[in-house]
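What the coordinates show
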Amino acid sequence: MAKSAKKREVIEFLRSMGDEVQNQEELTVIASEIILLFHKVLKGFRLYPMNNPVFETYAKEFVVNIEKLHAHIPVIPLRITKDGFSFLDTLLDGGADDGGDGVSWILFNDGIREIFFQRGLEWDEITIFFRILAKVTVFANEDYDIATLLWEEEFEHIGYIVEEELMESPLFDDNDFEEVFDFDAHSNQIKKVLEQKDRELNDEDATFFEVKKDFTILNKDVDLYKKLIGDHIGEAGIVTTFFKEIARKLLLGSDDSLTEDLITTASTLWEKLVMFGAFNEGVLFLKTLMAVGRKMADNPRWERHIDILKKGLDKLNDDAFIDDIFRVAEYMDVSEDQYTGLGELLTMIPSHHLPKVLRSVTTLSEGAMREKALAGIGKSLKTLKPLMESFDDGDWRVVRNAVTVLKGSTLPERGEILRKVINSEFEQVRMEALSVLLDISLDEALPALEKSVFSPDKGIRQMSFHKLVTIKGNSVKPIINRVFREQHILSLDNDELLDLFSTVMDSKRDDLLDLMASLLQVKEGKVRSLLLSYLPQTPSVKPIARQLMRSVQSEWFTTLSSQDMKNFMKMVRPEVFIELFPLIERAVFKLEGGMFNKSDVTELKKSVFSAIVAYKNSHTEAAIWLKKATTEGSKTTKKVLQELGV
Amino acid sequence: MSDRIKRDESRHLLKQLDQNISEYGYEFSSAFYSLWKSVKMLGVENDAVMTNVTRLMGVVKKLGESSPTISFGYNGIDVAVNGQRLKGKRTGADYLSMLTQLFTSMYIGEFIFPGEIEQGELINLCLVTTSVTLGNEGSEDTYKRLLAEMTEKCPSVMLSMYEEVEEELPPIIDPAQMARQVYRTLVEEYDEFTSKLNERRSFNLKKAIRAIQNIVDLLTDTSEESQFHHLMTLASLNAYKQNYFGTHATNTAILSMAAGIHLKMSRNVLVPLGLAGYFHDIAITEEDMDNNDWKQHTERGFILMSRLNSLNLPMMESALANALHHKNYDSFGEDLGDSRQGGMATTPLLELVKIADYFDTATRWWQGKKNQPISRAKAIKVIFDRVAQKQFAPAAARAFLASVGLYPHGSLLKLRGEPFFAFSTGGFMSNYQPVGTVVLDDLLKPIDKRDLYPAQLTDVEPTRDLRVPPSTIAMILNDFKIV
């Protein structure tokens, strides 16, 4: 059945329904609750951001009430009049006097005369419906209204009637098509045609009627359009084309009124782009406008155009607008590729606003966005004077931001500023200053870095260690040595230890790997155990061969737990087998019960022997030993080898 | 709900299209009411009146900075200035409820006057309307009386009559009525869009968007209630109510969308396509037509449409439609000298608009112009010639043919070997399928309907005088009703 026919059926049902519904009073009360919810939702949108959990609460309440009604009637109709909502011919409470900003006024003004909710209404439909209400009320938009937005969503269970559907359109009459008509000439022409002999059909006609292959719509046409439209409707498509067209016309413009219109458009367009979070495009426009301004500057004919341009660019000097930029950056769904644009935009703000900008950057929760924004500013500064005020700010985040700005700057005076800031009372500021100072002077940065590596703050310690490991040269070795001292290692928790290990592993530095492996000698078994769970991940054990040999000869080696031994044996690899095997043989193979718990010994041997067996074909030492072990080995040895299938 | 607001849902950040209205709209209404009250109570020769009119003139001047004309009225719900509502139940705004009563008593929907209106005329406006008693129910007679007086005493002020809002819901109209309605709406609203655009006034796109959305529904409905052929036949009209430009805009919109449907475009893509088709020539003037100037209106249209742009995709597409719909060619086949490019010279949607625009222009005659339209079947062949010349995109052309067929809707044809004519209401897709066709007599009046094959028909070259009479068109279109 056609959608329109189905809708008419529903409406006819709704109109006849009033007489048949039982418990009408009770249902009307529930319907009033639903209306009150609409008002709450709208009020909510004015007060809270859209991700506030209160809207989920409202939606749940809505579902509850809708289901109560749907238990009695399959469709819930709400009539909309100037006076408010009515349900089954009863005007609802909360419908009439809603302060002039209410839902019913808005719906009515937008031409909606009835809205209905059918059984089966889904959660997604409700949330989208609420967002539509928000769009047309709180976020007033000239081009769209509720009807157009509802149409776009094509709800399965929400229907509506608009006033156009109730407006009869009479049949056409002759006057609708009346045009200047020479009736005599008309009849002469008809006569001529009728008197003419009909043209013979020819091959061309036959081909044409056949609808030539070249003329027939093909699947590839549909596919082509699908792809092209996908590209076009995305922002990189139509938006880019549109802006290019504007920019092109701007640059080629003349001193006429149309160019004046174009400048007016562009002067506000860049602002709108920014308000939509399209920072890259906004900056592009700004630059285009500035280029146009330069072109016009010397010519008095362009005076009016220049005034419009200046007015448009002046927004960058406006405190409220600057606040809005940050609100957009924080609350809109800004993609990462726009971060650079944001940074560039901030550089275009006059420098006397810099302290405000730096304070506002603290409101950005996305770290990558903050970094890009600040780095951009640093690059554009011609002097660091506007920044100075921020270093004395009481909020450590502002001071840190000011330091991050220095990252992007190449001005020589930044070194002096950093030397002062590196002793800041705020640890995060010190870290940031350190990171910048490392780029300028390692010698100056190193003492501060060393201090941070042993900071009482875990995050600072970790960050500092990460930086430390990246510094080449021997100057950092003493510091790292101190990090790996047992006393310090034992003070760290497992998370931090693992972070330490993975940092060293990722550094791919053999000297640091060896240093780390020396921790196998630490007295605390838990640390050793943790290290053994991590160390086998190293691609090559050659750099730690010395430490492995040392470990096998240590007293604690044969006291390793079964899991730890398994982990250790993973490091008995071909590149170190020859050095390790004799030592392992001495340490493990003669072990028997007695002093040791028999099951521990068995497990230990199992772990060791299963690793050795893997070498029986490649290493003669292994082969020889296995042969010997199976004949002359102890009971436990033989038993284990048997279990291993040797 | 998602954690972050999506790009098109900025909270508190979208600015009003005309900030002046939000700043000065209330002040204007208040000043107007003060002036009206002082004229009513004290007469024109009074200091209070002078103070109030000075105040009002001050606000008018400020409003005039962004809008050359000012409209002020009541829409049945709220007082509105330049189409923007002033919230009706604002606390302390008694003047708004008084103005509501005033408009309903005068039975006036809206005043429109220029931003440079003289002080004296404003006073006269109030003086004329003070004959009305606040609170008394107005009527059409009241309006007519005021209109006559106003025309004499306030020549630069225009009026429109108040339209009452119905309380009872009538039945929903059937699809055929809806098809007629949307076609009429689009044609009739076109002039208002054009004039507002040229006056740099903001215009309300909702009406156009809704009409286009309704057309999408009607065109995509494939049930027995389908209005596809009805709309396509409407889209073959030369001029509805002698509105040539409005008819052309509407036809181009419908034809573009029909082709888009055959390319399986989703409804949310068909809407910007339809809008682009509708607005593509929004800036064209009679002068451009007279001078055969195909560049001027493209530039002007783009610039003026961009000015309205709210950064939504349909409006960008519409602005681009203005700029690019003559890329590579003009409507009469002349190459405009742009380098020929294969495939898509513009955007995928605009390639459809280009073809629809060409087709409608080439097959119609324009009042007062000397052009000779070509037959619709011939226009199809020309389209494919132009594909070969790389002026039109091949996929777009094929989609267009798929929607109109070999003898497109509105074609005047002759029955071979018989002294009868035929009017195509579409559907001729191959030689092997007969199509129900309206047969016309030698006065081009409908006599019956027959299933005919394309080979039984022959094309008739239209001339200015050999056209289907209005009565025939009316009968054929009215036949598209639900039985």
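Structure: above.
Described below are features of the structure shown in this document. Predicted, not measured: the structure shown is a model, and the values here were computed from it.

Considerations on the overall build of chain B
From N to C terminus, chain B includes 17 helices and 10 strands. Out of the 483 residues in chain B, the part that is buried amounts to 61%. In the form shown here, chain B has an accessible surface area of approximately 18200 Å², with 49% of it arising from carbon and sulfur atoms.

A word on the side chain of Arg300(B)
Among the secondary structure elements, Arg300(B) is positioned in helix α12 (residues 296-308). Judged by relative accessible area, Arg300(B) falls into the buried class, the value being 13%. For Arg300(B), the contacting residues outside a window of four places in its chain are Leu258(A), Asn198(B), Ala283(B), Ile284(B), Thr285(B) and Asp288(B).

Focus: the environment of Ser435(A)
Residues and elements named next belong to chain A. The residue serine 435 is located in helix α21 (residues 427-440) in this model. Judged by relative accessible area, serine 435 falls into the buried class, the value being 13%. Sequence-distant contacts of serine 435, defined by excluding residues within four places in its chain, comprise Lys407 and Lys467.

Some thoughts on helix α15 (residues 339-347) of chain A
Since the α-helix advances by 3.6 residues per turn, residues separated by three or four positions end up pointing in the same direction. What α15(A) keeps buried is the set Tyr339(A), Gly341(A), Leu342(A), Gly343(A), Leu345(A) and Leu346(A). Buried-residue contacts for α15(A) involve α11 (257-275), α12 (279-296), α14 (319-331), α16 (354-361) and α17 (367-380) of chain A.

Some remarks on the nonpolar core
Residues and elements named next belong to chain A. Counting residues in each nonpolar core, the largest one holds 304 residues, and the members touching the most others are Phe38 and Phe117. It is helix α2 (residues 24-47) that contributes the most residues to this core, 10 residues altogether. Aside from chain neighbours lying at most four places away, what touches phenylalanine 117 is Phe38, Phe62, Ile66, His70, Pro74, Val75, Ile76, Leu78, Phe129, His157 and Ile158.

Section: the sheet that holds strand β5 (residues 158-162) of chain A
Residue and element names in this part refer to chain A. Sheet architecture is open: 5 strands sit in the order β3-β2-β1-β4-β5, paired in antiparallel fashion. For this open sheet the edge positions go to β3 (90-91) and β5, each flanked by a neighbour on one side alone. Here strand β1 (residues 75-81) runs beside strand β4 (residues 112-118); their pairing, made up of 5 bridges, is antiparallel. Residue valine 75 lies in a different strand from β4, and its bridge partner there is glutamine 118.

Notes on the packing of aromatic side chains
Residue and element names in this part refer to chain A. Here the structure, examined in full by the defined rule, presents 41 aromatic pairs over all chains. With 5.0 Å between their ring centres and 55° between their planes, phenylalanine 609 and tryptophan 625 make a pair best called tilted. In this pair, phenylalanine 609 is assigned in helix α32 (residues 598-613) and tryptophan 625 in helix α33 (residues 620-632), connecting sequence segments 16 residues apart. Take phenylalanine 609 and tryptophan 625: they sit in the same class, and that class is buried.

Describing the packing of α11(A) against helix α13 (residues 303-313) of chain A
All names here are of chain A. For the pair α11 and α13, the least separation of the axes is 9 Å and the interaxial angle reads 10°. If you check the angle between α11 and α13, you find them roughly parallel. Contact residues: Thr259, Glu260, Ile263, Thr264, Ser267 and Trp270 in α11; Arg304, His305, Ile308, Leu309, Gly312 and Leu313 in α13. Considered class by class, the residues forming the contact of α11 with α13 number 5 nonpolar, 5 polar and 2 charged.

Overview of the pattern of salt bridges
Within the structure shown, the criterion is met by 44 salt bridges over all chains. A salt bridge links Asp231(A) to Lys227(A); the nearest nitrogen and oxygen atoms lie 2.8 Å apart. With Asp231(A) and Lys227(A) both in helix α9 (residues 219-233) and 4 residues apart, this pair spans about one turn of that helix. The closest approach of N and O atoms between Lys196(B) and Glu192(B), which form a salt bridge, is 3.0 Å. One end of the pair is Lys196(B) and the other is Glu192(B), both in helix α6 (residues 175-198) and 4 residues apart, which spans about a single turn.

Notes on the sheet that holds strand β8 (residues 435-440) of chain B
Residues and elements named next belong to chain B. Taken in spatial order, the 5 strands of this open sheet run β9-β8-β7-β6-β10, and their pairing is antiparallel. Of all strands in the sheet, those with a lone pairing partner are β9 (446-452) and β10 (457-459), marking the two edges. Strand-to-strand, the axes of this sheet are offset by a mean angle of 40°, without reference to chain direction. Sheet analysis places strand β6 (residues 412-415) next to β10, joined by 3 bridges and oriented antiparallel. What sits directly across from lysine 414, in β10, is threonine 458.

Regarding the pairing of β5(A)
Residue and element names in this part refer to chain A. Burial within β5 is extensive, with 5 of its 5 residues counted as buried. With burial as the criterion, each face of β5 is covered, one bearing Ile158, Tyr160 and Val162 and the other bearing Gly159 and Ile161. As defined by bridge partners, β4 adjoins β5 across 5 bridges and the pair is classed as antiparallel. Note on β5: the bridge partner recorded for phenylalanine 116 is glycine 159.

Points about unusual backbone geometry
The residue Glu154(A) is not glycine, and still its phi comes out positive at about 50°. Counting through the fold element by element, Glu154(A) comes out in the loop between α6 (146-153) and β5. Since its relative accessible area comes to 42%, Glu154(A) is described here as partly exposed. Located in the positive-phi region is Lys390(B), a residue other than glycine, with phi close to 65°. Along the chain, Lys390(B) falls in the loop between α15 (376-388) and α16 (394-404).

What counts, and at which threshold
- Residues numbered from 1 in each chain as written.
- Chains lettered and ligands numbered in written order.
- Predicted model: local features only at pLDDT ≥ 70, side-chain atom pairs only at ≥ 80, totals over all residues.
- Heavy atoms only, no water.
- Helix = DSSP H or I, 4+ residues; strand = E, 2+ residues; numbered from the N terminus.
- Buried < 20%, exposed > 50% of the residue type's maximum accessible area, 1.4 Å probe, protein only.
- Areas by Shrake-Rupley, 256 points an atom, 1.4 Å probe, with all protein chains shown as cover.
- Contact = heavy atoms within 4.5 Å.
- Core = buried A, V, L, I, M, F, W, Y, C linked by side-chain atoms within 4.5 Å.
- Pairing = 2+ DSSP bridges.
- Phe/Tyr/Trp six-rings, centres within 6.5 Å; stacked < 30°, edge-to-face > 60°.
- Axes fitted to C-alpha atoms, helices over the stretch in contact; angles between N-to-C directions.
- Parallel < 35°, antiparallel > 145°, perpendicular 65-115°, else oblique.
- Nonpolar A, V, L, I, M, F, W, Y, C, P; charged D, E, K, R; others polar.
- Salt bridge = Lys/Arg side-chain N within 4 Å of Asp/Glu carboxyl O.

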